[in-house]
Amino acid sequence: MADEKKDLLLKIRDLRIEGYSDEKWLEIVHGVDLTLHKGEVMGLIGESGAGKSTIGLAAMGFARDGCRISGGSIEFDGMELTTTSESDRRALRGSRIAYVAQSAAASFNPAHKIIDQHTEAPIHYRIRKRLEAQEDAMELYERLRLPNPQEIGFRYPHQVSGGQLQRAMTAMAMACRPDLIIFDEPTTALDVTTQIEVLAAIRDIVEQFNTAAIYITHDLAVVAQMADTIKVLLKGNEVEEADTETMLKSPKEDYTKSLWAVRSFKRPQKSRPGGDAVPVVSVENVDAAYGDTKVLSNVSFDVYAGMTVAVVGESGSGKSTTARCITGLLPPTSGKILMNGVDMPPSYKDRTKEELRKAQMIYQMADTALNPKVRICDIIGRPAQFYMGLRGAALKSRVDELLDLIELEPSKYYNRYPPELSGGQKQRIGIARALAADPTFIICDEVTSALDQLVAEGILKLLDRLQKELNLAYMFITHDLATVRSIADEVVVMKQGEVVEAGPKNEMFTPPHHPYTDLLLSSVPEMDPNWLTTVLEERGVDNIGEAATV
Amino acid sequence: MGDVLGIVLKRLGLGLITLLVISILIFFAVELLPGDIAEAVLGQGATAENLKAMREQMGLNEPAIVRYLEWLWGAVRGDFGVSLISQRSVADTIGPRFAATLFLACYAAVIAVPVAITLGIIVALLRDSVFDRVANVLTLTSISSPEFFLGYVLVLYLAVKNPLFPALANVNFQDVGTFELYYKTFLPALTMVLVVVAHMMRMTRASIINLLASPYIEMARLKGTPAWKVIVKHALPNAWAPIINVVALNLAYLITGVVLVEVVFVYPGIGQLLVDSVTKRDFPVVQACCLIFAATFILLNLAADVGAILTNPRLRHPK
């Protein structure tokens with residue numbers, strides 16, 4: 001696809017972009033070149049802060065508020081975007097260059113019907129009249145295999161699921177048949193089973209209309225399916241660029257190799273202690289409901305000391321609700337929670353301080369889980385003071401000890417505030433806060449999903465080390481099966497509030513599987529560029545639609 | 001929509017309870033004033049015997065709680081008692097005055113609300129421009145000047161130095177034609193417009209600008225939508241809830257806060273009646289006026305809540 005020379009569509013040379021922070025302009029993209037031909041798909045890949053989205057938007061002649069294009073040239077189909085007027089640049093957007101955002105749920109206007117948002121650009125550019133545009137939208141919905149293509153557009157965004165919205169947004173980008181679409185992490189917010197449909201739909205439609213695309217993602221396996229060429233970025237600089245095949249097989253730069261090697265961390269699987277060892281936590285036939293809506297039914301599993309039980313499933317499968325039942329935040333409607341064989345009161349309000357101390361949580365968004373106005377030493381010191389009654393010098397030495405445990409220099413971090421820390425450091429503080437209570441059991445709720453892969457790996461290694469040293473039991477909630485593969489001892493697969501399969505990790509990852517486990521496992525993208533094609537062939541096109549409605 | 005109806009009924013019920021509490025507060029606040037109705041009515045001729053007879057006649061020797069309950073029972077049936085000054089029923093005294101105040105409030109609202117929202121949209125569109133700053137300064141000035149002062153300034157420039165409008169608005173509703181009515185009441189209406197526009201305009205601006213960082217606004221811009229359309233079509237529909245709340249609060253102010261404006265322009269509204277009744281210790285009228293003001297606040301706030309719900313697509317179109 002990429003090797004034949006086609007007409008030049010986009011030529012970016014020495015692009016420099018500045019961002020405004022702390023009352024001065026700082027360069028965040030340092031001279032990047034990019035060349036794209038008609039019908040070609042380029043993957044832009046890198047960690048957060050690499051400048052992927054900023055470069056993608058610059059290709060539309062657009063800079064977010066607080067950013068400005070400060071140098072270089074952006075030539076789209078012979079037109080120099082850095083020097084043309086804003087109204088000429090605007091006339092390209094939506095008509096010849098379209099954008100697909102990361103979160104369709106947030107990027108559709110909640111106040112308007114989907115189809116009205118779809119037809120806005122074609123009507124505005126007088127490409128189609130309203131009725132024609134609506135007809136065309138329905139046809140695109142059908143091509144993207146949305147259910148009820150005639151009717152779905154007339155719903156409001158909140159009435160449609162996330163995966164369907166993401167496809168509707170791709171359809172919207174196609175409304176004026178643009179020459180170039182910028183896909184900005186279009187599947188990052190989706191479950192693996194939904195992601196696969198969206199990927200297939202995007203790839204099909206880009207091929208059908210021979211549209212060029214810039215595909216921005218941090219997920220290598222995804223970009224391998226979509227792109228003809230891949231460009232790797234790091235902190236606003238290009239690391240290297242090559243066609244997908246070459247890039248996967250023989251990356252040149254060390255940084256690229258390190259990205260490729262991220263999933264290498266794996267620890268040996270432990271098995272349950274023999275004899276009459278009592279599990280640290282046992283969930284026995286738990287049912288739970290939010291109001292009248294039943295969300296958990298008959299959930300049971302055990303977690304033993306020193307072991308990690310991974311709970312996996314799509315969003316809405318009841319993973320976090322189970323955690324809320326264990327901690328007593330949501331009292332189960334029936335069933336029992338046992339800790340070390342002792343029956344726990346259903347509500348946290350009735351539990352003793354000692355019972356509460358033993359089970360701690362680490363949250364997904366360290367950003368929102370840490371109070372930005374409280375110093376690190378107080379964040380970590382508070383549970384140590386509350387549960388252990390530590391004061392003064394004893395408290396300080398305990399906080400120092402905890403900071404040492406999470407590999408942050410105590411003298412450097414003791415008096416700092418969360419906003420001064422990076423994402424990975426904040427998550428470490430979250431871990432230290434859980435450890436401060438000296439628990440026996442920690443619930444890790446998607447603790448690595450908001451982090452870049454290299455940082456996430458550091459967190460996983462830290463958690464593993466702490467488990468060995470302190471003999472902790474983990475309940476690891478995640479939707480990322482690669483994480484499960486690297487750290488779990490046992491796996492519990494949940495779907496719609498029920499446990500569909502449970503057992504030791506090695507068994508779970510070797511066939512035969514429960515059909516749902518199989519669907520989950522086969523939906524995880526692999527680095528093989530032909531993976532998507534192979535999976536789709538195996539499943540048959542119709543099955544994908546079904547997977548969406550399951 | 002059944003949910004909305006449920007919320008409205010619940011809020012109406014709560015409103016009634018609020019009104020009851022307020023009626024208690026008003027009644028006993030009036031009780032706390034030095035002297036009683038008998039003294040107020042008799043004034044200079046208040047001999048001990050006269051007072052005794054008067055108290056007997058008015059039932060003032062009953063305990064306060066009994067008198068409150070009697071008053072409440074009357075109020076529930078629409079009978080607020082008899083004015084001590086005119087000896088006419090309170091309902092007849094207040095009726096035309098309240099209608100006059102409502103007229104002036106509507107007159108001001110019909111000008112103020114569209115002007116405020118349009119200006120709010122324009123300054124949101126031209127944010128941080130000279131126009132935005134000038135509008136900011138002017139509205140802040142008008143919002144921070146007391147309304148009687150604004151009224152006198154308008155009289156000075158639009159009635160005295162340039163005799164464009166009459167300085168007094170002591171209209172008699174039966175005798176004036178429609179045009180003359182609007183003409184004569186223009187200055188008090190304009191004063192009130194100036195007082196309320198700033199607040200509503202600034203809220204419109206703030207709630208629109210608040211939304212401009214949303215991903216769907218960025219999406220609209222990336223679809224090539226012109227800037228004015230981004231604001232009017234994509235931001236405004238999601239900004240209604242706070243705007244409606246401020247509008248309702250200001251409408252309530254137009255009815256209950258006009259006391260000074262009515263006095264300045266000698267306009268025969270409920271505000272002037274209230275001032276007169278307080279000075280003359282016409283307690284039944286004072287109580288009824290306060291109750292009407294309270295009910296106005298409660299009803300307009302309820303309307304704002306319902307409006308905020310109705311503009312939320314998630315509530316209008318449940319899954």
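It should be noted that the structure appears before, not after, this text.
Residues numbered from 1 in each chain as written. Chains lettered and ligands numbered in written order. Predicted model: local features only at pLDDT ≥ 70, side-chain atom pairs only at ≥ 80, totals over all residues. Heavy atoms only, no water.

Undergrad: Which parts of the structure should I look at to understand empty space enclosed by the protein?
TA: It is a probe the size of a water molecule, rolled over the atoms, that shows where empty space is left. Scanning the entire structure with this criterion turns up eight cavities of 30 Å³ or more. Roughly 70 Å³ of internal volume is contained in the largest cavity. Along its surface, the largest cavity is lined by G94(A), A98(A), Y99(A), A121(A), M172(A), A173(A), M219(B), L222(B) and K223(B). Elements with a minimum of two residues in the lining of the largest cavity: β6 (97-100) and α7 (162-174) of chain A together with α10 (215-222) of chain B. Residues of the lining of the largest cavity, tallied by class, amount to seven nonpolar, one polar and one charged. (1 Å grid on protein atoms, 1.4 Å probe; cavity = no way out; pocket = protein on both sides within 12 Å on 5 of 7 lines; lining within 4 Å. Points joined across faces, edges and corners; volume = space filled by probe spheres on them. Helix = DSSP H or I, 4+ residues; strand = E, 2+ residues; numbered from the N terminus. Nonpolar A, V, L, I, M, F, W, Y, C, P; charged D, E, K, R; others polar.)

Undergrad: Any chance you could explain the pattern of salt bridges here in plain terms?
TA: Pairing is possible between side chains of opposite charge, provided their charged atoms come close. Evaluation of the coordinates by the stated rule reveals 37 salt bridges over all chains. Here D287(A) ties to K294(A) by a salt bridge, and the two come within 3.3 Å at their closest N and O atoms. Classification of D287(A) by relative accessible area gives buried; the value is 15%. When the shortest N-O distance is used, the salt bridge between E180(B) and K184(B) registers 3.6 Å. (Salt bridge = Lys/Arg side-chain N within 4 Å of Asp/Glu carboxyl O. Buried < 20%, exposed > 50% of the residue type's maximum accessible area, 1.4 Å probe, protein only.)

Undergrad: Explain the packing of aromatic side chains to me, please; I cannot follow it from the model alone.
TA: To describe a pair of aromatic rings, one takes the distance between the centres and the angle between the planes. All names here are of chain A. Enumeration over the complete set of coordinates arrives at 14 aromatic pairs over all chains. With 4.9 Å between their ring centres and 75 degrees between their planes, F386 and Y387 make a pair best called edge-to-face. The class of F386 is partly exposed, set by a relative accessible area of 34%. Of note, K353 hangs over the ring of F386, and the distance from its end group to the ring centre comes to 4.4 Å. (Phe/Tyr/Trp six-rings, centres within 6.5 Å; stacked < 30°, edge-to-face > 60°. Lys NZ or Arg CZ within 6 Å of the ring centre and 35° of its normal.)

Undergrad: Please explain a nonpolar patch on the surface as it appears in this structure.
TA: Residues and elements named next belong to chain B. Together, F148, F149, Y152, V153, L156, Y157, V160 and L260 make up an exposed nonpolar region whose accessible area comes to about 740 Å². The element that contributes the greatest number of residues to the nonpolar patch is helix α7 (residues 147-161), accounting for seven residues. Along the polypeptide, F149 turns up in helix α7. (Patch = residues over 30% accessible without salt bridge, like charges linked within 9 Å, V, L, I, M, F, W, Y side chains within 5 Å. Areas by Shrake-Rupley, 256 points an atom, 1.4 Å probe, with all protein chains shown as cover.)

Undergrad: I keep staring at the sheet that holds strand β7 (residues 180-184) of chain A and nothing clicks. Help me out?
TA: Consider a sheet: its strands pair through backbone hydrogen bonds, and that pairing is either parallel or antiparallel. Residue and element names in this part refer to chain A. A sheet is described by the order of its strands in space; here six strands give the open sequence β6-β7-β8-β3-β9-β10, paired in mixed fashion. Looking at which strands have only one partner, the edges of the open sheet turn out to be β6 and β10 (237-243). The average undirected angle you get between the axes of adjacent strands in this sheet is 15 degrees. The pairing of strand β3 (residues 41-45) with strand β8 (residues 212-217) spans five bridges and is parallel. Paired with V41 across the strands is A213, a residue of β8. Strands in contact with α7 are β6 and β7; relative to β6, the strand with the most contacts, it is inclined by about 175 degrees. (Pairing = 2+ DSSP bridges. Axes fitted to C-alpha atoms, helices over the stretch in contact; angles between N-to-C directions. Contact = heavy atoms within 4.5 Å.)

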